[in-house]
Structures are given as C-alpha cells and as structure tokens.
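Residue-level structure breakdown
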Amino acid sequence: MELFGITGTEYIGYLASFMVLLSFTMKDVKKLRMVNMTGCILFIIYGFLMPTLRIGLPIIIANAAILAVNIYYLVSNKS
C-alpha cells in the first residue's frame, strides 16, 4: 500500500521516529517512558517489516532493549 509514494512500512518508521522525538520533549518522566515505549514498539514492528531479518535485526534488538529498560523503570518506580 502506498500513499504519496510512501509505503506503509515507511509510515510506521516515520511514526516511530516521531514518537521517540516527542518523548524527548516531555518533562513528566512517566509520560516520557510511555511515549518512548510506543516508539520502541513501532520500531520493533518496523524492523520485522524490513525485507530481511538481517536488515531489521539491529533495529529490533536495540529497541527491544530500550523497551525493556523503560518497562523496568516504570515497574520499579525508579523514574
């Protein structure tokens, strides 16, 4: 599916980038982590949508690790 010459996969990547960028503008750490987690999840999906897992795996690994850190700090109330 393409809209304005941009594929659905690319839209997911752009949305993920926007969510991560948006998270850096937040002052409330809990809200920051939630928005950043949304970006990470979108990046993980984006990684799986890459043409091959070899291309997407670095994206998946990095964002899964960041997601785990965000979850850890949200659950442990250390934020």
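Shown above is the structure to which this text applies.
Quick notes on the rules
- Residue indices follow the written sequence of each chain, beginning from 1 at its first position.
- Whole-chain, interface and lining totals are the exception, using all residues; otherwise, since this is a predicted model, local features are given only for residues with pLDDT of at least 70 and side-chain atom pairs are given and counted only at 80 or more.
- Hydrogens and water are ignored here; the side-chain numbers use all heavy atoms of the structure.
- Interaxial angle, 0 to 180 degrees, is taken between N-to-C directions of lines fitted to C-alpha atoms, where a helix line uses only the stretch in contact.
- Strands are runs of DSSP state E lasting at least two residues, helices are runs of H or I lasting at least four, and both sets are numbered from the N terminus onward.
- Here the angle decides the label: under 35 degrees means roughly parallel, over 145 means roughly antiparallel, 65 to 115 means roughly perpendicular, and every other value means oblique.
- We call a crossing left-handed when the near helix sits turned anticlockwise from the far one by less than a right angle, and right-handed when that turn is clockwise.
- In this description, contact between two residues means that some pair of their heavy atoms is separated by no more than 4.5 Å.
- When residue character is reported, Ala, Val, Leu, Ile, Met, Phe, Trp, Tyr, Cys and Pro are called nonpolar, Asp, Glu, Lys and Arg charged, and the others, Gly included, polar.
- Summary of the burial criterion: residues with accessible area below 20% of their type's maximum are buried, those above 50% are exposed, and those between are partly exposed, where the area comes from a 1.4 Å probe applied to protein chains only.
- Between the first and last residue of a helix there are one fewer steps than residues, each counted as 1.5 Å, and that sum is the expected span.
- This arc is built from the directions going out from the helix axis to the C-beta atoms.

Section: the packing of helix α2 (residues 29–48) against helix α3 (residues 53–76)
Between α2 and α3, the least distance of the axes is 8 Å, while the angle of their chain directions is 160°. Judged on the interaxial angle alone, α3 and α2 are roughly antiparallel. Two packed elements cross with a definite hand, and for α2 against α3 that hand is left-handed. Between α2 and α3, the contacting residues are K30, R33, M34, N36, M37, C40, I41, F43, I44, Y46, G47 and F48 on the first element and L53, G56, I59, I60, N63, A64, I66, L67, N70, I71, Y73 and L74 on the second. For the contact of α2 with α3, a count of residues per class yields 17 nonpolar, five polar and two charged.

Observations concerning the environment of A64
Within the secondary structure layout, A64 lies in helix α3. Taking the relative accessible area as the measure of exposure, A64 reaches 34% and is therefore partly exposed. A sequence separation of 49 residues divides A64 from L15, and the C-alpha atoms of the two residues are 17 Å apart.

Observations regarding helix α1 (residues 8–23)
Under the 1.5 Å per step criterion, the end-to-end length of α1 is 23 Å for 16 residues, consistent within 8% with the ideal 22 Å. Of the positions making up α1, those classed as buried are G13, A16, M19, V20 and S23. Relative to the axis of α1, the buried residues are bounded by an arc of 125° and lie together on one face. Structural note: α1 exposes Y14 and L21 on the side pointing more than 90 degrees away from its buried face.

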